[in-house]
Amino acid sequence: MTDPVQPLVSLSKKSTEPKMIVNLRRIKRKILIMSGKGGVGKSTVAANLAIGLALHGYRVGLLDCDIHGPTIPTIFGMESMKPEVSEEGIMPVEVLPNLSLMSIGFLLEDKDSPVIWRGPLKMGIIEKLLEDVVWGELDFLIIDLPPGTGDEPLSLAQLIPNIDGSILVTTPQDVALVSVRKSIGFSKNLNVPIIGIVDNMHGLVCPHCGKPIEVFRNGGVEKASKDFNIPILARLPIEPKVAEMEDKGTVVLEMLEHDTEWQKNFENFVATVEKILYEK
């Protein structure tokens, strides 16, 4: 029995699905990296998670949606790069054969150009990045959100279908935890699953005696974890080596060369995220 022949009219019809939906369908896992306030190391976590997953053999994209403070190009030493544009759309900047980036920082005239935009324009550029960046087939898309729970995080959470989860980055001091508790409420209100919390800048290891030094008062992250029944995915100490790599833009080249407590903890974090997502 042969299939019925389709009318020529139906063959000429274009897909009625939004371009964004078609584009994002090729991405298996979409993860939001959030923080309630700035300065807690959110972009550091996002960048190194993307690198870690790529080094595990996955195809990874990293989308920097921090419109006013795009630091991803600096972390990767690619501030001067400009993305190519093809008939398909905007091609992300390739770091490794299986790791690519896109950031508003690549689209500015120079790194010192401020972004002085009102809400609707910011929402428009985020929507264009989701629609027009040609990621191809990805195992993971890591999305570095701006801090807080304002226009940009809200728009992204509403625009992206089937978000696999959010990772909340905080530091131990109470002022940061007040904000991260709001990010927890934000994720819950928008039905975005929370993968867990990263407790960043959790003390430091003395370079002379090797003993831990508690820089901030601890206990608040554990309380938030218990109150909301959310796991702590990692406790990352302050590590000058990581800051040095980001300032020099050599984070990819040096990731495999330094053996610090921070790196050991972060590798465990990458493995934990990988396990959680692939057990879903």
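Q: What exactly am I supposed to notice about the environment of Leu277 here?
A: Residue placement: Leu277 occurs in helix H11 (residues 261–278). For the pair Leu277 and Ile31, spaced 246 residues apart in sequence, the C-alpha to C-alpha distance is 9.7 Å. Filtering out sequence-adjacent residues up to four positions away, Leu277 remains in contact with Arg29, Ile31, Phe140, Asp164 and Ile195.

Q: What am I meant to see in the confidence of the model for the protein here?
A: One rule of thumb: low pLDDT means the predicted coordinates there are not for detailed reading. Model confidence for the protein is summarised by a mean pLDDT of 83, while 88% of its residues fall at 70 or above. Counted against residues more than four places away or in other chains, residues 8–13, with its pLDDT under 50, gives one contact.

Q: Teacher, can you tell me more about H11 here?
A: Residues spaced three or four apart along an α-helix point in a common direction, a consequence of the helix completing one turn every 3.6 residues. Over its 18 residues, H11 runs 26 Å from end to end, which matches the ideal 26 Å to within 8%, given 1.5 Å per residue. Every buried residue of H11 is listed here: Trp262, Gln263, Phe266, Phe269, Val270, Val273, Glu274 and Leu277. What you see down the axis of H11 is that its buried residues fit within an arc of 130°, all on one side. For H11, exposure combined with an orientation more than 90 degrees from the buried face picks out Asn268 and Lys275.

Q: Which parts of the structure should I look at to understand the packing of aromatic side chains?
A: Aromatic rings considered in pairs are described by the distance between their centres and by the relative angle of their planes. Under the counting rule described, the total for this entry stands at three aromatic pairs. Judged by centre distance (5.1 Å) and plane angle (75°), the ring pair of Phe266 and Phe269 falls under edge-to-face. One end of the pair is Phe266 and the other is Phe269, both in helix H11 and three residues apart, which spans about a single turn. Looking at Phe266, the relative accessible area reads 4%, which means it is buried. Looking at Phe269, the relative accessible area reads 0%, which means it is buried. These aromatic residues form a ring-pair network of at least three members: Trp262, Phe266 and Phe269.

Q: For this particular structure, what's the right way to read the pattern of salt bridges?
A: When charged atoms on two side chains of opposite charge get close, those side chains can pair. Within the structure shown, the criterion is met by eleven salt bridges. Put simply, Arg59 and Asp139 hold a salt bridge, and the shortest N to O gap is 3.3 Å. Residue Arg59 is located in the loop between helix H3 (42–55) and strand E2 (60–64), and its partner Asp139 is located in strand E5 (residues 138–144); the two are separated by 80 residues in the primary sequence. Given the relative accessible area of 35%, Arg59 is considered partly exposed. A salt bridge links Lys128 to Asp132; the nearest nitrogen and oxygen atoms lie 2.8 Å apart. Separated by four residues within a single helix, Lys128 and Asp132 lie in helix H5 (residues 119–132), roughly one turn from each other. What makes Lys128 partly exposed here is its relative accessible area of 43%. Ionic contacts of the salt-bridge type, sharing partners, join the residues Lys19, Lys128 and Asp132 into one network.

Q: What should I look at first to understand the layout of surface pockets in this one?
A: Space left empty within the atom packing is revealed by a probe, the size of a water molecule, rolled over the atoms. The volume enclosed by the largest pocket comes to roughly 440 Å³. What lines the largest pocket is a set of 24 residues, and nearest its centre among them are Val40, Gly41, Thr44, Met201 and Glu246.

Q: How should H3 be read in this particular structure?
A: Relative to the 20 Å expected for 14 residues at 1.5 Å per residue, H3 spans 20 Å between its end C-alpha atoms, a close match to the ideal helical length. Counting buried positions over the 14 residues of H3 gives 13, a clear majority of the element. Once H3 finishes, Gly57 follows within two positions and takes phi at roughly 100°, a positive value.

Procedures and definitions
Residues numbered from 1 in each chain as written. Predicted model: local features only at pLDDT ≥ 70, side-chain atom pairs only at ≥ 80, totals over all residues. Heavy atoms only, no water. Helix = DSSP H or I, 4+ residues; strand = E, 2+ residues; numbered from the N terminus. Contact = heavy atoms within 4.5 Å. pLDDT = per-residue confidence, 0-100. Expected span 1.5 Å × (residues − 1). Buried < 20%, exposed > 50% of the residue type's maximum accessible area, 1.4 Å probe, protein only. Arc of directions from axis to C-beta. Phe/Tyr/Trp six-rings, centres within 6.5 Å; stacked < 30°, edge-to-face > 60°. Salt bridge = Lys/Arg side-chain N within 4 Å of Asp/Glu carboxyl O. 1 Å grid on protein atoms, 1.4 Å probe; cavity = no way out; pocket = protein on both sides within 12 Å on 5 of 7 lines; lining within 4 Å. Points joined across faces, edges and corners; volume = space filled by probe spheres on them.

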